[in-house]
Amino acid sequence: MKVIVTRPRAQARPLVTALEAIGAEVVECPLIEIERTSDEPVDGDGYDWLVVTSPNGADEIARRGVNLPRVAAVGPGTAEALRAHGIEPAFMPVESSQDGLLREFPRPAGRVLFAAAEGARRRPIEALGADFVPLYRTRLLTPDPPEGDVVVLASGSAARAYAAVGGAAPAVSIGPETSRVARSVGLSVAAEAGRHDLDGLVAAVRDLMKSRA
């Protein structure tokens, strides 16, 4: 099976290696680049919670965060990235999405700082009465999409970028939010990771390969 990997080139190697290990033919097609928005400290002093919504956000919090309060991770991929920097999440929802985080978030929430990508969805921020700090921006790239049997999508941004360049391969999605975005831009979703991290993506591709063998 030929698998298109859309992650930023600097972040793609662990996923590419894992997919090749299960026998997939991998073609890399970076569709997004991550740009930092600032080098200023993100000060958590006075907050009850800091919400982090992506591994990229986790990396930036590790780089810029000071006086961190309790940290909430949107899912296992974000939690794993935080732990890699020595930050143990105090909360992670069962449903790994921003909507799941909002439904399951401890109440009363207290004072919350929501740290995410520039242009993040406003609903969870407003529902938590949170302050917002943009950690990075996502720049969409426009390569010609390669041919493949499936495309692996690890974010809604990747789904939008893949559709924008005319990609048409069925998607293997990292989780429900990415699946929702993929379908909203006209992509079909062949499989969704049961565990919403890179290991889950690889397992979903492996199961799809077995079903098509």
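You'll find the structure just up there.
Residues numbered from 1 in each chain as written. Predicted model: local features only at pLDDT ≥ 70, side-chain atom pairs only at ≥ 80, totals over all residues. Heavy atoms only, no water.

1. Quick look at the nonpolar core
Inference 1: Counting residues in hydrophobic clusters, the biggest one holds 19 residues, and the most contacted among them are Val 3, Val 5, Leu 19, Val 152, Val 172 and Val 205.
Inference 2: Elements supplying a minimum of two residues to this core: strand 1 (2-5), helix 1 (13-21), strand 10 (150-153) and helix 8 (198-212).
Inference 3: Per element, the largest residue contribution to this core is six residues, and it comes from helix 8.
Inference 4: Val 3 has contacts with Leu 19, Ala 24, Glu 25, Val 26, Val 27, Val 150, Val 152 and Val 205, leaving out every residue within four places of it along the chain.
Inference 5: Leu 50, Val 71, Ala 79 and Ala 117 belong to the second largest nonpolar core, which has 18 residues in total. (Core = buried A, V, L, I, M, F, W, Y, C linked by side-chain atoms within 4.5 Å. Buried < 20%, exposed > 50% of the residue type's maximum accessible area, 1.4 Å probe, protein only. Helix = DSSP H or I, 4+ residues; strand = E, 2+ residues; numbered from the N terminus. Contact = heavy atoms within 4.5 Å.)

2. Things to note about the pairing of strand 1
On a regular strand, one side chain projects to one face of the sheet and the next to the other, so that they alternate.
Inference 1: Note that strand 1 and strand 2 (residues 25-28) share four bridges and pair parallel. From the neighbouring strand, Val 5 faces strand 2, where its bridge partner is Glu 28.
Inference 2: For the crossover from strand 1 across helix 1 to strand 2, the handedness is right-handed.
Inference 3: Bridge analysis of strand 1 against strand 10 gives three bridges, and the strand direction is parallel. Within strand 10, the position partnered with Val 5 by the bridge is Val 152. (Pairing = 2+ DSSP bridges. Right-handed = clockwise from strand over helix to strand, strands pointing away.)

3. Overview of the sheet that holds strand 12 (residues 189-192)
Inference 1: Taken in spatial order, the five strands make up an open sheet running 2-1-10-11-12, and their pairing is parallel. On the outer flanks of this sheet lie strand 2 and strand 12, each paired with one strand and no other. Within the sheet, the average angular offset between the axes of one strand and its neighbour, ignoring direction, is 30 degrees.
Inference 2: Lying on the sheet, helix 7 (residues 176-184) is in contact with strand 10, strand 11 (171-173) and strand 12; it crosses strand 12 at an angle near 175 degrees. (Axes fitted to C-alpha atoms, helices over the stretch in contact; angles between N-to-C directions.)

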